[in-house]
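These are the residues of each chain, in order.
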Amino acid sequence: MIIQAHGLEKTYLSGGHPLTVLRDVDLEVAPESFVAVVGPSGSGKTTLLGLLAGLDRPTRGRVILDGVDIFASTEDERAEFRARRVGFVFQSFHLLPTLTALENVLVPLELRGEGREHRDRAVDLLARVGLSGRMEHYPSQLSGGEQQRVALARAFVHRPRILFADEPTGNLDGETEKGVVSILEELNRESRTTLVLVTHDLSLAERAHRIVALANGEIVSDRPGGGA
Amino acid sequence: MRFGFAVRLAARESRHGIRRVGVYMASITLGVAALVAIHSFRDDVARSVREQAEILLGADVRLASNRPLPDSVTRIVDSLSAAGVAVARVTTTGSMVLAPASGDVRLIQLQAVEPGYPFYGSVRTSPSGEWPIALTEGGVLVDPAVLTQLRVDLGDTLVVGRERLIIRGAVDDLPTTLGYQTAVGPRIYVSPATLASAGLLTTGSLARYQAFLRIPDPEARQALVTRYEDVFEQTRVRFSTADGQAQELSSSVEFMGEFLALVGLGALLLGGIGVASAIHVYVKERRPSVAVLRCLGARQATLFTAYLLQAAGMGLAGSAAGVVLGVLVQRVLPWALAGVLPVAVTPRISLVAVSAGLGIGVWVSVMFALVPLLEVRNVPPLQALRRDFEDATRRRDPARVGAYLGVLGTVVLLCVIEAPEVGLGLGFAGGLSVVVALLAGFGWSLTHVVRRFFPSGAPYPIRQGVSNLFRPRNQTVSLTVALGFGTFVVGTIIQIQGSLLDDLRVSFGEDRPNVLLFDIQEDQVDGVRALLPETSRGGATATPLVSSRIVAIHGRSIADLRADTASVDRPEGWASRREYRNTSRVELGPAEALVEGGWWDDPMETGGLPRVSLEEDVAESLRVGVGDRITWNVAGVEIESMVSSIRQVDWERLEPNFFAVFEPGVLDGAPQTVIMVARLEDAEERAVFQRSLVGAFPNVSALDFSRAQLAIDAVLSRVRQAIAFLGAFSAMAGMVVLMGSLSASASQRMREAALLKTLGARRGQILRILLVEYVALGTLATATGLVLAVIASAVMVPTLFQVAFHLHAGTLAAIWVSVAVLTAGVGLLGSRRVLTQPPLEVLRDR
């Protein structure tokens, strides 16, 4: 299993009162699989994703990612781990506004000190997502769909073992959404990445191998999806 | 526009956001505090001087001369006295005073006062009531410093000339004497009869003769002036009134006033910039709410008004705090400057200063807030839906131009109000505009230079950090202006402060003479020299002093020349009427340099006239040059001379220097006294010498510079303290501006850092990226500000403050490094949350 989560629990203090948003979640994900996490707003989807990716510490429980117990390591070690093996796609793209499209794609490589030797890969990926003519543009000069395609290229450029996607089509219109999803699936297949995707769009979830449904911070169903 | 809604919105909004930016409004607080403190303090000084002018003079009118009052003047004084005007004569001279109890000897000012003086204010002595009874009974009263300096007590004996006097009491407060005078040159007080029997005054002795008159009626005073002006002028008797004295005292602290004006102006402008950054941050943070309100149908003008009200509210709160702080500082200043000010200053809350501070504070806040506030109108409603959306079309905005003009007008107005003169104020404003333009220009070219010479070979954090300098939404120009201007103001004030302090520092060189002996009679020279320790005898130089007056220039009498008011050759009064103490010398002195003409060995055709060399300032004031003829009166004998050279003299050096030096031989035979300078290495040697001197030659006075230096240093260190205290104001305001301007970009940097962390950046990498950007900005902007500060102070120090400019490279370098470190520190501190908190927030899209 490439992802193993055991007894995950997350409690926030909200207005002085503890608020448990995730309780006792166990989840295992096989390598190269495509898992969709669905559920209504406030069900704990994004919290689960954040914990799986090591972006936040659980109140209880552990996560083993590609053989590494991530919460046994320091913040910087987790960052290092993400830089090598994890990719992200966000609902609101989150490109660095001060960098061009190409430079944004290069960031994960740059963080590993490999920006220069693998520049070609970033250029190729931008071409794959259909943006070869816009590499020197800044995010503010790109449309939403284009920004998300840059984000996709960035997510795959360092060949991560696992890709986390948080509502990647949430900010896009129908046509653009289709384009982005097909690129995502294509790149995922090619690079044999494990994809964990959070969405409340059931039609998108149906394309996954497996659909995990959350409600009130607990897993309420876990079934194969249409892509299986 | 819905005004009511705007008000309600302003009230609600300010409940939350204001606390975070409120701290940056501290800059306006400091600015207003400086303004209120300085204005109130100036009022206090002016009022106190006015109220105490008569007390300070001790009378309504004073007549003073460096020679005994001539008969013509004595007759006037006597007739006034006969007519019922109270008169008291005071004679002041220096004398060596020996204390047999301790064996100590010092040169001390001796003042012989007639009963009645001073007419105003009361003299406090301990034991009380000794003034003037102790004097008329033949005793001596002393300044408290004399007791410590001579290590004596009340009841001990002092040897003054031929007299042995009992110390009857200490003068704790003589209202005519300024605190620092008694510290530098403490005095003893005797009766005129005692002075006469001590036998101190011989021919040519340095003494000051004064007559104090009580004429309370201003018209009677005026009548006296008009009636006898000519007599006083001809006899070179200085005539002063209490009103004139007040003016003189005010101008003696004027340089402080100008420095204070500059500090106040600097602090206020920094305050304005601080407000601008605070509002900039505030508006940036409120953008999402503004966008939502726009979506919901709020008009641009309504929202703008709501935020303008908030800015004004913050300005009012900040200024009110500033007024309170300013009043507190006003109370501290007299204490900090005690002993330096000419009068006892009683602080009184000045309503004008307080309301002006409040008004100007709010006005500056609103004007400087306008530019960032106008951004509120440009928030597109679409931003509520898409945060990254930016309205790419930048229209020419007349309101924006108007806001900038408003800021400019405010700056000009402030400069004019704060500067001592309108022209100077306009000059300040012009200079400041040039500085801001240069800083903006520098920031702009920096973005281009960095892009052009991008360090593409450098590691990623450096490239990323450097590229932040020219990328979209870069803060290079705004931070360069804010940081650069902050350091410019602080640097200029520190540079001026340093030059003022240098000017106040008296330097006694290593090998220079440290003892000055004066009033030596010609036949005493060898005897005095023999008393010096053997090692000092060779280096001791004796210089004759001959009192002379100028009678005529080119054969025309001084009175004649002075009467011709239209002539360009009309000599200035101080130079033509003064009593000269001239000398003759074989060689040029160590502090002199020839600027025109030749020395004695240079052949010059004078038609048989003796030659004289003049100091350049006095030559200019007399309107004479090389080859001109001057007639001197030397002890009743007229000597015509020809100016053969002009000398430059470094008066700062403690050498005997002279306005006029005759060629050797000319003054031989004229009545003269001799001064001698010598260097005596250790204090014990000096004490022994002075003791033997006072025994052998009671009329000779010795001034020990090294002691004088200690006393002067004690006073000057208070002045330094006060100046540094005020300078610190602008430094603090600068700090607040620095924090404010950096926080303007903090939220954007936070988001970027959090994102980088999610993508796998280690803390160290993020730290390096931020560090590169802030260090680059900090060092470059600060350096530019400091270079401009050096230029500005190099212009202002000699022109405005009339002291020599000295570059304080060390201090400036310290400012440079500390501001650069602070910039990086504050920048990183603002981003610390990113480094310590998990990056999940990015996912949450907050």
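Everything below is about the structure shown above.
Presented here is a report on the structure given in the accompanying data block. (Residues numbered from 1 in each chain as written. Chains lettered and ligands numbered in written order. Predicted model: local features only at pLDDT ≥ 70, side-chain atom pairs only at ≥ 80, totals over all residues. Heavy atoms only, no water.)

A closer look at the overall build of chain A
Counting its regular elements, chain A contains seven helices and ten strands. Over its C-alpha atoms chain A spans a radius of gyration of 17 Å, differing by no more than 12% from the 17 Å that the globule rule assigns to 228 residues. With the C-alpha coordinates of chain A rotated into their principal frame, the extents come out at 50 × 40 × 35 Å. Sorting the 228 residues of chain A into buried and exposed places 58% on the buried side. For chain A, the share of sequence-separated contacts (at least 6 apart) that also reach a separation of at least 24 residues comes to 67%. When the accessible surface of chain A is summed, it comes to about 9000 Å², and 47% of that surface belongs to carbon and sulfur atoms. The centroid of the 26 positive side-chain charges in chain A is displaced by 2 Å from the centroid of its 32 negative side-chain charges. (Helix = DSSP H or I, 4+ residues; strand = E, 2+ residues; numbered from the N terminus. Rg over C-alpha atoms; globule rule 2.2 N^0.38 Å. Buried < 20%, exposed > 50% of the residue type's maximum accessible area, 1.4 Å probe, protein only. Contact = heavy atoms within 4.5 Å. Areas by Shrake-Rupley, 256 points an atom, 1.4 Å probe, with all protein chains shown as cover. Lys, Arg positive; Asp, Glu negative; His and termini not counted. Charge placed at Lys NZ, Arg CZ, Asp CG, Glu CD.)

Thoughts on helix α14 (residues 422-452) of chain B
Helix length check: α14 of chain B (31 residues) gives 45 Å between terminal C-alpha atoms against 45 Å at 1.5 Å per residue, within 8%. Inspection of α14 of chain B places G425, F428, A429, L432, V435, L439, G443, L446, T447 and V450 of chain B among the buried residues, and these make up the whole buried set. (Expected span 1.5 Å × (residues − 1).)

Remarks on the pattern of salt bridges
All names here are of chain A. Summed over all chains, the structure comprises 36 salt bridges over all chains. Across the pair K178 and E175 runs a salt bridge, and its minimum N-O distance is 3.6 Å. Of this pair, K178 and E175 are both found in helix α6 (residues 174-191), three residues apart, which corresponds to roughly one turn of the helix. Accessibility classification places K178 together with E175 in one group, the exposed group. Put simply, D66, R85 and R161 are held in one network by salt bridges that share partners. (Salt bridge = Lys/Arg side-chain N within 4 Å of Asp/Glu carboxyl O.)

Some thoughts on the environment of I108 of chain B
Take I108 of chain B: it is sitting in strand β3 (residues 104-113). Between the C-alpha atoms of I108 of chain B and R187 of chain B, which are 79 residues apart in sequence, the distance is 5.9 Å.

Topic: empty space enclosed by the protein
All names here are of chain B. Here the structure, examined in full by the defined rule, presents two cavities of 30 Å³ or more. In this structure, the largest cavity encloses a volume near 70 Å³. Lining the largest cavity are Q464, N468, R749, E752, A753, L756, I766, I769 and L770. When residues of the lining of the largest cavity are traced back to their parent elements, those giving at least two are α23 (705-758) and α24 (763-800). For the lining of the largest cavity, the leading source of residues is α23, giving four residues. (1 Å grid on protein atoms, 1.4 Å probe; cavity = no way out; pocket = protein on both sides within 12 Å on 5 of 7 lines; lining within 4 Å. Points joined across faces, edges and corners; volume = space filled by probe spheres on them.)

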